[in-house]
Amino acid sequence: MTEEMPSDRVSPPAGGSTAKAALELSPAIIAGWVIGVLGLGTLVAGVLHFGEIEIFLVTLGRTSLGWLLPGIAFQLATYACAAMIWLLVLRRQGFRPPLRALFRLAVIELFANQAVPTGGVSGGLVVARGLIRRGISAAATVTALLNATIAYYSAYLLMASAAFAALWSTGKLDEKWAWLCIVFSLLIITAPSVLIMTVRTRLSFIPDRIRSLRPVARLTDLLAKVDHRVLGDNGLLAKSILLQASIFLLDAATLWVVLHALGVAASPGAAFVSFVLASVVGTVSPLPLGLGSFEGACVGLLHLLGIRVEEALAATLVFRGLTFWLPMVPGLILMHAEVRLTARGKRRPT
């Protein structure tokens with residue numbers, strides 16, 4: 001979000017510099033991907049070594065494609081929810097972009113965040129440039145992205161609290177999970193608090209010498225464009241949080257559908273707890289997108305809640321294939337198309 005943006009409905013500079021910069025792979029990111037993939041491979045090898053590979057293969061072999069179709073529908077619905085969060089804020093500010101355009105940007109955002117894990121910054125940059133290219137003002141764009149971020153953290157805290165409470169009710173919330181709950185709560189409360197303070201103060205608490213630096217000056221100028229009346233609309237924020245919570249529930253429902261597609265009997269509650277708390281582990285983990293750590297936690301939680309470890313591994317791998325790896329194909333195609341349009345300096349009226 002430190003990229004300098006036009007003050008109003010101005011076409012972005014040709015060359016697609018923002019989109020390209022968002023996808024640059026640093027050595028640290030490449031190393032993180034390698035470590036994550038190795039961790040995932042180690043998890044699979046470990047489970048199959050101590051478990052029974054025949055059960056794992058039989059579980060995969062009885063996959064019902066009919067059961068996977070609702071899972072694909074749930075995933076498409078998550079992109080629609082993300083697009084609706086932006087649309088609510090943009091309409092509040094007088095812009096009415098077509099939902100299909102925002103849906104397209106939601107897919108691109110997921111790809112950018114997965115390809116270059118930067119805590120959502122890479123995806124946010126691409127979405128910001130995409131909105132501006134479609135005629136959305138910089139002020140409306142920044143406000144929409146900030147609202148979506150605050151809604152995400154708020155919904156995440158609510159869903160994680162519900163998942164921890166559900167695990168506690170089973171009597172299986174031991175000391176390590178309790179500590180994870182504390183660490184995650186501190187992290188998820190601190191992040192939006194710092195964000196809100198930064199927006200409201202416009203970095204006024206930073207010494208002038210630092211504020212004069214070009215990146216900080218750009219960020220200050222960007223924060224000055226935020227529409228605080230819209231960002232402070234509690235009703236609008238509540239709707240955004242509800243939509244973001246729906247994304248978590250749709251992802252959990254996808255895991256439940258995958259379990260049934262593999263012929264594994266599991267309750268919706270077990271799928272919800274496993275997905276949300278595995279996401280918590282992935283968030284706290286230093287690995288990009290929790291690659292390896294999410295899978296390990298999800299397998300462990302499903303097994304803790306009564307599912308055989310081989311079946312839990314099969315379900316987790318199919319789930320990640322459906323929600324993580326498969327969307328990268330259309331995301332890559334749409335990203336290239338977006339970069340080409342931005343490079344040509346084209347702008348669609350909204």
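Cut-offs used in this document
- Residues numbered from 1 in each chain as written.
- Predicted model: local features only at pLDDT ≥ 70, side-chain atom pairs only at ≥ 80, totals over all residues.
- Heavy atoms only, no water.
- Phe/Tyr/Trp six-rings, centres within 6.5 Å; stacked < 30°, edge-to-face > 60°.
- Helix = DSSP H or I, 4+ residues; strand = E, 2+ residues; numbered from the N terminus.
- Buried < 20%, exposed > 50% of the residue type's maximum accessible area, 1.4 Å probe, protein only.
- Axes fitted to C-alpha atoms, helices over the stretch in contact; angles between N-to-C directions.
- Parallel < 35°, antiparallel > 145°, perpendicular 65-115°, else oblique.
- Left-handed = near helix turned anticlockwise from the far one by under 90°.
- Contact = heavy atoms within 4.5 Å.
- Nonpolar A, V, L, I, M, F, W, Y, C, P; charged D, E, K, R; others polar.
- pLDDT = per-residue confidence, 0-100.
- Arc of directions from axis to C-beta.

(A) Structural context of the packing of aromatic side chains. One pass over the structure, following the stated rule, counts 11 aromatic pairs. For the pair Tyr-156 and Phe-184, a centre-to-centre distance of 4.8 Å together with 65° between the ring planes defines the contact as edge-to-face. Placement of the pair is Tyr-156 in helix α7 (residues 138-169) and Phe-184 in helix α8 (residues 175-201), with a sequence separation of 28 residues. Across the pair, Phe-184 and Tyr-156 agree in class, each one buried. With a centroid separation of 5.8 Å and 70° between ring planes, the pair formed by Phe-275 and Phe-319 is classed as edge-to-face. Of the two residues, Phe-275 sits in helix α13 (residues 268-284) while Phe-319 sits in helix α15 (residues 309-325), which places them 44 residues apart along the sequence. Per residue, the accessibility class of Phe-275 equals that of Phe-319, and both read buried. Among the aromatic residues, those joined into a cluster by ring pairs are Tyr-152, Tyr-153, Tyr-156, Phe-184 and Phe-248.

(B) Structural detail: the packing of α7 against α13. Remark: α7 packs on α13, axes separated minimally by 9 Å, with the N-to-C direction vectors making an angle of 120°. Our classification of the angle between α7 and α13 gives oblique. Every pair of crossing elements has a handedness; the one defined by α7 and α13 is left-handed. Along its contact with α7, which presents Tyr-156, Met-159, Ala-160, Ala-162, Ala-163, Phe-164, Ala-166 and Leu-167, the element α13 presents Phe-272, Val-273, Val-276, Leu-277, Ser-279, Val-280 and Thr-283. Class assignment of the residues belonging to the contact of α7 with α13 gives a composition of 13 nonpolar, 2 polar and no charged.

(C) Representation of the environment of Ala-148 in the model. Inspection of the secondary structure puts Ala-148 in helix α7. Note: C-alpha distance between Ala-148 and Leu-237 (89 residues apart in sequence) is 8.5 Å. With sequence-adjacent residues up to four places away left out, Ala-148 is seen in contact with Ile-85 and Trp-86.

(D) Geometry of the confidence of the model for the chain. Looking at the chain as a whole, its pLDDT mean stands at 80, while 75% of the residues score no less than 70. Low pLDDT (under 50) marks residues 1-23, which in the prediction has 56 contacts with non-local residues, meaning those over four places away or in another chain.

(E) Focus on helix α3 (residues 53-61). Regarding α3, the residues found buried are Ile-55, Phe-56 and Thr-59. Taken around the axis of α3, the buried residues stretch over an arc of 100°, which confines them to a single face. Turned more than 90 degrees away from the buried face of α3, the exposed residues are Glu-54, Leu-57 and Gly-61.

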